[in-house]
Every structure is written in structure tokens, then in C-alpha cells.
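Tertiary structure, described
Listed below are the residues making up each chain.
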Amino acid sequence: MARNFNEVLNTVIRDSGAEGAVLVSPDGLAIASVLPANVDEDRVAAMGAAILSLGERVATELDKGELEQLYVKGTKGYMIFTGIKDLAVLGVLAPADAKLGLLLMEIKRAAKQIEELLG
Amino acid sequence: MKHKIFNYFKELKENTLASFVGLFIKTDPKLVLTDLTEDKKKIIEDKISHILEKSKEIEEVIPDFNEKYLYAEGEDFALFIYFVKRDVAVSSIFLEKPKFAVILLEHEILAKKIKDISSIEDLSFDIAEIEKFEKESKPKETKEDTVDIEEYIGNIDRFEEKHSEEKEKQETKGEEIIQNSSYEEFFMQENLKEKEENCEIIKEEETVGEEAEEVPSLEDLIKESIEEYERKKDLDKNLKENIKREREQKEEFIDPIILEHIEKEFVKEIGPIAKLILNRKMSELNIDPNRLKTEDIITLIHELAKEIRIEEKKEKFINEVNDLL
């Protein structure tokens, strides 16, 4: 199973030009990851799950259901967290010059594959 | 300056149709404009403060990340936070899925305006101030119009009343029913009476030697006010149309030349059938070459890539067209 997840993560990195990806459980623990050497897997996992859950709380307060995606842009790049139902969170790190549209499309595709694997 | 900042935020709220816009210094809300109830507002402020706090942790994972913005979206909800400076952020909430590019653009415009305000970190707005600014920024009520129209309706009612009274009287007296006066005649008579009354009042009020200004007839006033009302209605309609047009213009379209480049790359990988497939996909996806959007191009690329069976070629195609974007 982990191998399958790694394959999906590698594909999303290759097709979208991302730098790394991590699959996180809803409680913030890393399931699988393909990250640059200097990035701490556990910290990315915990932080992604935390911010996404805070965003979700805002949506819940406004009776707007689930949050699908959250992205943070910095001068060094993007961090994109995508909720895969309530099964997991897919986090992708991308450089600042990444094409956001393409990135989001590839992430969507990867999220669907992960959902199938988890389901 | 506070009033200026307030207006910038009001403009942002109106332009983006946000349900909540707020200025946060560090993690504290300093100015919030929202349609939400007071309770909800407090909760949302609190949650956004938490998100701001948490988002600072990214710097711990990726040093010098320097956040620019944070965007979260659900099916019919979106949250946007734009980091103007290290401790200054603008947050907006949308109760339907907005166009991300428009949101980003509007926040960038606002950020440019407030970035150089040196004392912005020390700003604080109290409720009374916000209420005062709200009042000042509200368009003046068109009370005159309302009164005039009410007056007009009142006059018609009075006319109908008088008309039926006269009819009854004539019927009871057994007199021949004389064709009654029209609205215009009735109003003229009424105006005359009113004019006389007005003139008397004016005469009393005016100092000796000064001539009374000519009082316009009620009919003219009614006509004028209806015309004015129609004019304002047209203006309002034009304004709305202009805003809509401006918004549409903001959505930039991509030069259709990109399609030629995509076709060229696609031909390299799949051969001469490429043009046929490209045209078919374009019509299947309802893509108008003259109104190309980034999403259209991305979907098209995705669909075309599916047609390339050899994985290496597919990858090469994606990489090449990726550069075009």
C-alpha cells in the first residue's frame, strides 16, 4: 500500500513540477512522503493538518461543509493541502514559479487515486 | 487616514462580494466589515487569528518562506488571507466559490494602497468610528423621489375619491352626468388651489418689495420627479452594468496563439491527426478560442495528454506545453 502511495506522490511531483509531496492522516501523522532532504516530514504533516482543520472550522461555523483545499503562497513557493474526504490530507510543496493551474489539476487527479486506494 | 482605510476595505468588500473583510494586525482584528451576525463575527475573527498564528509556523518548516497569501476553498465557501506586511494581514470570507484570480487581484490592489501607510500597525478603530464611517459612506437617501411618488399616488387616490363623490352627487340630484374632468384637469385645479395657498404663504413670509418666485405646478413637479426617478434608475442600472463589465474585463483572456503552439507540440507526439483531435476536444469542451482562460487551456492539455499512449511522449508533451503557460 505504501508503495502505491509513493507512486502517486512521485507522479504528482513529476507531472506538476512540484518539489515534494506528503500524505497525512487526519490526525496529522505522515502516511507516505516524497520530500526534499531538508524538509521535516513530521512538521509538514502536522502543520498541514492543523491549518486545514482551522480552515474547516471556519467553514463549519458558516454552515458551509467541508473544506476542499488550502494553499499558502510564499516567496519561496507554494504549500498546497488537499483534503481527501475525511480519510487523509495530501500536501504538495511547489516552487514559486510553478504553474498553479496545472499543479491544482495534477493534485486533483492524485487525490482521486489516493481516495480509490484508501477506499 | 482612518476614513481612507475604511473606504479601501469597503471597496474591497463591494468589489469581491465578500461576506467578511478584516484588517488584522499581528493576530488582532482591527477593522472588520461583515454581513455576519455579531456572534458569528467574533467566532470567525477568533478562528482567523488562530490561522494567522498557525501559518507563521510555516517559517519553521521552510525558513524565509515569507507568506504572501493563504487561500482555502470548499464547495461554496472560500477564505482568503493576504499578508500585506509581516504583521499586517487582510482576510476575506466568501459564502460562494469566488474567482481566485479576481480575489487575488483585488487584495493586491488594496495591499498596495495600505502597505506604505507607516502607522498602520498602530491603528485601531472603535465601533463608533466604524458606524460613523458607515453612515458617511452610505449613499444619500432619495427621499425626495419617494415623497414625490407617494404624493403622486396620493393625488390619484384623491382624484378617484372626488370623482366618485361628484358622480354620486349628480346621480342623486338626477342631473345629467357631465363627463368628468381628466386627471390633468383635476391636477390643474388642485395645483391652482395649491399655488394660491403657496403664494399667500410666500407673500406673508417674504419681506416687502421682494417678489415671490414663481411656484412650479404640481403637475410639473410630478413630471420632474418621475423623470428624475427614471434618470436615477437608469444611472443605477448603468453603474451596475459598468461594474459587471469591469469585472469581466479583469478576467484576462489568453492569446489564442497558444493553441497553435499546443497543436505544434501535439503534432510532434501524435502525428498529423493531432489537429483533428485538438479541434474535436475544443468543441467537446466548448472552448472559445477568442475567450481562452487558463482553466480551459489546462483542461485541454489534460485531455490531449490522455490521447498520447506512450508515457514518455506524454510527459514530454506536458513539459513542453507547461512552459507555454
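Keep in mind the model is a prediction, meaning the values are calculated, not measured.

Focus on the overall build of chain B
Each helix and strand counted, chain B has 12 helices and five strands in total. Counting only residues that meet the buried cut, chain B has 35% of its 325 residues in that class.

Description of the pattern of salt bridges
According to the stated counting rule, one finds 24 salt bridges over all chains in the structure shown. The salt bridge involving Arg 43 of chain A is made with Glu 60 of chain B; its shortest N-O contact spans 2.8 Å. One end of the pair, Arg 43 of chain A, is in helix H2 (residues 41-61); the other, Glu 60 of chain B, is in helix H3 (residues 58-61), on a second chain. On the basis of relative accessibility, which here comes to 39%, the residue Arg 43 of chain A falls in the partly exposed class. Each of the salt bridges in this network shares a partner with another, and the network as a whole consists of Arg 280, Lys 281, Glu 284, Glu 303, Lys 306 and Glu 307 of chain B.

Remarks on the nonpolar core
Ranked by size, the top nonpolar core spans 56 residues in total, and within it Leu 90 of chain A together with Phe 9, Leu 31, Tyr 69, Phe 80 and Ile 114 of chain B carry the most contacts. Judged by nonpolar contacts, the second largest core, of 41 residues, contains Val 24, Leu 35, Ala 45 and Met 79 of chain A.

Side note on the sheet that holds strand E2 (residues 30-34) of chain A
Read across the sheet, 10 strands follow the order E2(A)-E1(A)-E5(A)-E4(A)-E3(A)-E3(B)-E4(B)-E5(B)-E1(B)-E2(B) without closing on themselves; strand pairing throughout is antiparallel. At either margin of the open sheet sits one strand with a lone partner, and together these are E2 of chain A together with strand E2 (28-34) of chain B. Each neighbouring strand pair of the sheet contributes to a mean axis angle of 10°, computed without reference to strand direction. By the bridge criterion, five bridges tie strand E1 (residues 20-24) of chain A to strand E5 (residues 88-95) of chain A in an arrangement that is antiparallel. Bridging from a neighbouring strand, Gly 20 of chain A pairs with Leu 93 of chain A of E5 of chain A. The strands touched by helix H3 (residues 100-118) of chain A are E1, strand E3 (67-74), strand E4 (77-84) and E5 of chain A together with strand E3 (67-74) of chain B; relative to E4 of chain A, the strand with the most contacts, the crossing angle is about 30°.

Quick look at the packing of helix H1 (residues 2-16) of chain B against helix H4 (residues 100-115) of chain B
Residues and elements named next belong to chain B. Relative to each other, H1 and H4 sit at 170°, their axes nearing to 10 Å. Between H1 and H4, the angle falls in the class roughly antiparallel. Of H4, the residues touching H1 (which contributes Tyr 8, Phe 9, Glu 11, Leu 12, Asn 15 and Thr 16) are Ile 103, Glu 106, His 107, Leu 110, Lys 113 and Ile 114. For the contact of H1 with H4, the per-class residue count stands at six nonpolar, three polar and three charged.

Describing the interface of chain B and chain A
Frequently, the measure chosen for interface size is the accessible area removed from exposure when the parts meet. Each partner contributes residues to the interface: chain B has 40 residues there, and chain A has 37 residues. The interface formed by chain B and chain A holds five salt bridges in total. Among the salt bridges present, the one from Lys 40 of chain B reaches Glu 61 of chain A, with a minimum N-O distance of 3.6 Å. Here chain B is connected to chain A by 12 residue pairs in polar contact (both at pLDDT 80 or more). Of all elements in the fold, only helix H2 (38-55), H3, E3, helix H11 (294-307) and helix H12 (311-324) of chain B reach the threshold of two or more residues within the side of chain B that touches chain A. A per-class count over the side of chain B that touches chain A returns 20 nonpolar, six polar and 14 charged.

Looking at the side chain of Ser 91 of chain B
Residue and element names in this part refer to chain B. Residue placement: Ser 91 occurs in strand E5 (residues 88-94). By relative accessible area, which is 1% here, Ser 91 ends up buried. If near-sequence neighbours (up to four positions away) are discounted, Ser 91 is found in contact with Phe 20, Val 21, Gly 22, Phe 24, Ile 48, Leu 79, Phe 80 and Ile 81.

Remarks on the packing of aromatic side chains
Under the defined criterion, the tally for this structure stands at nine aromatic pairs over all chains. Aromatic side chains Tyr 71 of chain A and Phe 100 of chain B sit 5.5 Å apart centroid to centroid with 65° between the ring planes, which places their arrangement in the edge-to-face category. Highlighted residues: Tyr 71 of chain A in strand E3 and Phe 100 of chain B in helix H4, drawn from two different chains. Comparing Tyr 71 of chain A with Phe 100 of chain B, the two get one shared label, buried. Here a set of aromatic residues connected by ring pairs shows up, and it is made of Tyr 71 of chain A together with Tyr 69, Tyr 71, Phe 80, Tyr 82 and Phe 100 of chain B. When the ring centre of Tyr 78 of chain A is taken as origin, the NZ or CZ atom of Lys 73 of chain A, which lies over that ring, is 5.2 Å away.

So, how was this worked out
- Residues numbered from 1 in each chain as written.
- Chains lettered and ligands numbered in written order.
- Predicted model: local features only at pLDDT ≥ 70, side-chain atom pairs only at ≥ 80, totals over all residues.
- Heavy atoms only, no water.
- Helix = DSSP H or I, 4+ residues; strand = E, 2+ residues; numbered from the N terminus.
- Buried < 20%, exposed > 50% of the residue type's maximum accessible area, 1.4 Å probe, protein only.
- Salt bridge = Lys/Arg side-chain N within 4 Å of Asp/Glu carboxyl O.
- Core = buried A, V, L, I, M, F, W, Y, C linked by side-chain atoms within 4.5 Å.
- Pairing = 2+ DSSP bridges.
- Axes fitted to C-alpha atoms, helices over the stretch in contact; angles between N-to-C directions.
- Contact = heavy atoms within 4.5 Å.
- Parallel < 35°, antiparallel > 145°, perpendicular 65-115°, else oblique.
- Nonpolar A, V, L, I, M, F, W, Y, C, P; charged D, E, K, R; others polar.
- Polar contact = N/O pair within 3.5 Å; in protein donor to acceptor, adjacent residues only side chain to side chain.
- Phe/Tyr/Trp six-rings, centres within 6.5 Å; stacked < 30°, edge-to-face > 60°.
- Lys NZ or Arg CZ within 6 Å of the ring centre and 35° of its normal.

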